[in-house]
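So you can see what is in the structure, the chains are spelled out below.
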Amino acid sequence: MDEILVETTNIKKVFSGVVAIEGIDFQLQKGEVHALMGENGAGKSTLSKIIAGIYQADGGTMRVSGREVRFANVREAVAHGVSIVTQEFSLIPDLSIAENIFLADDKYYKYHFLADKRAMAEQTRSLLALFGMEHTIDPYAKVAQLSVAQMQVIEILKAVSTKARTIILDEPTASLSVKEIEVLFDIVRKLKAQGVGFIIVSHKINEIYEISDRITVLRDGRLILKGVATAELAQDDLIRAMVGREVKDLYGAGALGESDTRNWEQAPVVFEARGITDQNNYVRDISFQVRRGEIAGFSGLVGAGRSELMRAIFNVDPRNAGQVLVDGQEIGGRSIRASVAAGLGFVPEDRKTEGLIQELSVLKNIGLAKLAARGKAVLDNKAAEADCLQMIQKMEIKTANIDLLVKSLSGGNQQKVLLAKWILLNPKVLIIDEPTRGVDIGAKSDIYAILRSLAAQGMAIILVSSEIPEVTGVCDTIYVMKEGRVTAVMPAAEATEEKIGYYSTIGDEKR
Ligand SMILES: Nc1ncnc2c1ncn2[C@@H]1O[C@H](COP(=O)(O)OP(=O)(O)OP(=O)(O)O)[C@@H](O)[C@H]1O
Ligand SMILES: [Mg+2]
């Protein structure tokens, strides 16, 4: 018989009177990769956190290796061999990588506070070697210096280091590059062969088919499919189970389709970047133009410098050279305020630290940007409320009410709030960095349709995305970047996955 690592029966969780999940039966077997799927807000993270001891269930029972348990906290779960990498990072920026990994591991602490730094660093180096990163990442470096992708790797290594028998990965690949995902999956396969069981949450369907053995689907907090063998589940059936309806036209071309009368090629240039060089001289001398109604896409691998370019353009970070022009007028000031005043908008990659204020309500998060942009001091509650409600409806943001703190929304819904906040400002040019990270398939198609309709109204959109189908499916013009340079520019009609892949990895010929 297969050994069952984790079993939940009739699990229920209620948040301030609202049922998040109910009646969830779930089983994880030894040496299997079990995918947990469903739309944003379906309850995947909630179930994961209950299994990992972060939340306590309000009903139902849980067994780990056959024994009934009730974890009061993460420590107890870890002691029973259950580890989690949550969707929200939990690293401490001011501590070193090694200290972060072994924070809770008493083995390295003499007299409780004196850490054996050498031993920790050595152990960290051998963990990093799993990812082939032992030479590029210094165990003594502060976490604050890492990129989002590197932080994700450290979180995963932290879980691996506890020698867990059950590892839960909540959207582990959302900010990893294709290559890093391959490495991660190799590690998963290796540990799986040793009997470790994985629960993986991801919105990337092809990934789930690649790595998982079984799939469980939640919808609105209920169990829809229970541990169906991946090999026996057709993709269409999976999508229908998650969404509860058919999703045909993912990239939203149908939203405009034949009525795509943007005619952007004849429209005037609204945005121009000239010779942009970022503060580290990594992104060098980049120039491009975007017309009214055009959607320009920036493709490339994580680390290609796309986010650095956009941050330099929007004055989030200082730049060493270059000008930014809107409607032919150079933006003189070097502040975010100057960028906004000139008609630029920017949806950053990192919603947690830069995009949203976690401790404020949905209403305040959506409303404050507009307030700041207009230089007003007091929030006009009525107007803000109307705006907010309209965006919630338009973007189908799942929140019990507009006064809920942003941090209590599911990951995908936080992403939608961030987008809503900037769309309401109605900028001439909207720069969006990875807008659908962690967003479910139904919401993705909503977001694409929204971007297209904004473009149809004349907004110029600059989209940074690591997902090639997203760039080819949504954009008109595609820029490919590699190591701080634009290596290719092509109309979407001429773009293929191979071609973009080539210019992101090998090609360095500017055409
Ligand atoms: N701490 C909390 N306080 C209040 N409500 C919460 C809290 N955590 C989750 N919820 C609610 O529980 C429901 C399930 O959320 P959960 O985060 O589990 O969704 P998810 O399936 O992980 O979604 P996503 O794909 O967007 O990450 C949502 O309606 C969410 O708003
Ligand atoms: Mg989640």
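Every value quoted in this text rests on a predicted model; they were computed, and no experiment measured them.

1. A word on the site of ligand 1
Logical step 1: Around ligand 1, 19 residues are found, and the nearest of them are N40, S45, T46, S410 and G412.
Logical step 2: Taken together, the elements giving at least two residues each to the shell around ligand 1 come down to α1 (44-51) and α15 (411-423).
Logical step 3: Looking at the shell around ligand 1 residue by residue, the classes come out as four nonpolar, twelve polar and three charged.
Logical step 4: Each of domain 1 (4-243) and domain 3 (354-426) gives at least three residues to the shell around ligand 1.

2. Points about the sheet that holds strand β12 (residues 222-229)
Logical step 1: One open sheet accounts for six strands, arranged β6-β9-β10-β3-β11-β12; its pairing is mixed. Where the open sheet ends on each side, the last strands, each with one partner, are β6 (82-85) and β12. For this sheet, the mean angle separating the axes of adjacent strands, direction not counted, is 15°.
Logical step 2: In this structure, strand β9 (residues 166-170) lies alongside strand β10 (residues 197-201), joined through five bridges in parallel fashion. Residue pairing in the sheet places I167 in a bridge with F198 of β10.
Logical step 3: Of the strands in this sheet, β6 and β9 touch helix α5 (residues 148-161), which is tilted by about 180° from β6.

3. Quick word on unusual backbone geometry
Logical step 1: In this structure, S65 takes a positive phi of about 50° despite not being glycine.
Logical step 2: Turning to its location among the elements, S65 is positioned in the loop between β4 (59-64) and β5 (67-69).
Logical step 3: Exposure remark for S65: the 16 C-beta atoms within 10 Å place this residue in the partly exposed category.
Logical step 4: Even without being glycine, D327 reaches a positive phi, approximately 50°.
Logical step 5: Looking at the secondary structure, you find D327 in the loop between β16 (319-326) and β17 (329-330).
Logical step 6: Given 14 C-beta atoms within 10 Å, D327 falls into the partly exposed group.

4. A closer look at helix α10 (residues 306-313)
Residue pairs spaced three or four apart in an α-helix point in one direction, given the helix's 3.6 residues per turn.
Logical step 1: Counted residue by residue, α10 has eight buried out of eight residues, so it is predominantly covered.
Logical step 2: Residues R306, S307, E308, L309, M310, R311, A312 and I313 constitute the buried set of α10.
Logical step 3: Backbone geometry just downstream of α10 places N315 in the positive-phi region, at approximately 65°.

5. Topic: the domain arrangement of the protein chain
Accessible area lost when the parts come together is the quantity often used to give the size of an interface.
Logical step 1: Partitioning the protein chain into domains gives domain 1 (4-243), domain 2 (248-343 + 427-511) and domain 3 (354-426).
Logical step 2: Between domain 2 and domain 3, the residue contacts involve 13 residues of the former and twelve residues of the latter.
Logical step 3: For the side of domain 2 that touches domain 3, the element with the highest residue contribution is helix α16 (residues 441-456), accounting for five residues.
Logical step 4: Split into classes, the residues belonging to the side of domain 2 that touches domain 3 amount to nine nonpolar, one polar and three charged.

6. Digging into the nonpolar core
Logical step 1: Counting 132 residues, the largest nonpolar core has V417, V429, I431, I461 and L463 as its most contacted members.
Logical step 2: Considering each element in turn, this core owes the most residues, seven residues, to α16.
Logical step 3: Those residues within four positions of I431 in sequence are excluded, and the remaining contacts are M310, I313, F314, L344, G345, F346 and I462.

7. Re the sheet that holds β5
Logical step 1: With respect to topology, four strands assemble into an open sheet ordered β2-β1-β4-β5, the strand pairing being antiparallel. Each edge of the open sheet is held by one strand with a lone partner, namely β2 (18-29) and β5. Sheet twist, expressed as the average angle between the axes of neighbouring strands with direction ignored, equals 25°.
Logical step 2: Summarising the sheet, strand β1 (residues 4-15) and β2 pair through eight bridges and their orientation is antiparallel. Bridge pairing links K13 to I21 in β2.
Logical step 3: Packed onto the sheet, α1 meets β1, β2 and β4 and runs at close to 120° relative to β1.

8. Observations concerning the confidence of the model for the protein chain
Logical step 1: With 91% of its residues at a pLDDT of 70 or more, the protein chain has an overall mean of 87.
Logical step 2: Here residues 254-258 is modelled with pLDDT under 50, and outside its nearest four sequence neighbours on either side it reaches six contacts, counting other chains as well.

9. Quick word on the environment of M490
Logical step 1: Looking at the secondary structure, you find M490 in strand β22 (residues 485-491).
Logical step 2: Classification of M490 by C-beta neighbours within 10 Å gives partly exposed; the count is 18.
Logical step 3: In sequence terms M490 and H203 are 287 residues apart; their C-alpha atoms lie 28 Å from each other.
Logical step 4: With sequence-adjacent residues up to four places away left out, M490 is seen in contact with I478 and A495.

10. Section: the pairing of β4
Logical step 1: Sheet topology places β1 next to β4; five bridges connect them, and they run antiparallel. Residue pairing across strands places K12 opposite G59, the latter belonging to β4.
Logical step 2: Of the strand pairs in this sheet, β4 and β5 are connected by three bridges, and their pairing is antiparallel. Bridge assignment links R63 to a residue of β5, and that residue is E68.
Logical step 3: Two successive antiparallel strands, β4 and β5, enclose a turn made up of two residues, where S65 displays a positive phi of approximately 50°.

Analysis parameters
What you see as residue numbers is a count from 1 along each chain, following the sequence as written. Working convention: letters from A go to chains and numbers from 1 go to ligands, in the order in which they are written. A pLDDT threshold of at least 70 governs which residues receive local features in this predicted model, and a stricter bar of 80 or more applies before side-chain atom pairs are shown or counted, although totals over entire chains, interfaces and linings include all residues. Note on definitions: a residue is near a molecule or strand provided its C-beta atom, placed from the backbone, lies within 6 Å of it. Helix and strand labels come from DSSP, where a helix needs a run of H or I of at least four residues and a strand needs a run of E of at least two; each type is numbered from the N terminus. Note that Gly is not counted as nonpolar here; it falls among the polar residues with everything else outside the nonpolar set of Ala, Val, Leu, Ile, Met, Phe, Trp, Tyr, Cys and Pro and the charged set of Asp, Glu, Lys and Arg. The source of the domain bounds is an automatic or database domain assignment. The criterion for strand pairing is that DSSP finds at least two bridges linking the strands in question. Only the stretch in contact is used when a helix axis is fitted, and all axes are lines through C-alpha atoms; the angle between N-to-C directions ranges over 0 to 180 degrees. We call two residues in contact when the distance between their C-beta atoms, placed using the backbone, is within 7 Å. For the exposure call, what matters is how many other C-beta atoms sit within 10 Å of a residue's own: 20 or more marks it buried, 12 or fewer exposed, and in between partly exposed, using C-beta atoms placed from the backbone. Linking buried Ala, Val, Leu, Ile, Met, Phe, Trp, Tyr and Cys residues through C-beta atoms within 7 Å yields a set, and such a set is a nonpolar core. Scored between 0 and 100, pLDDT is the confidence that the predictor attaches to each residue.

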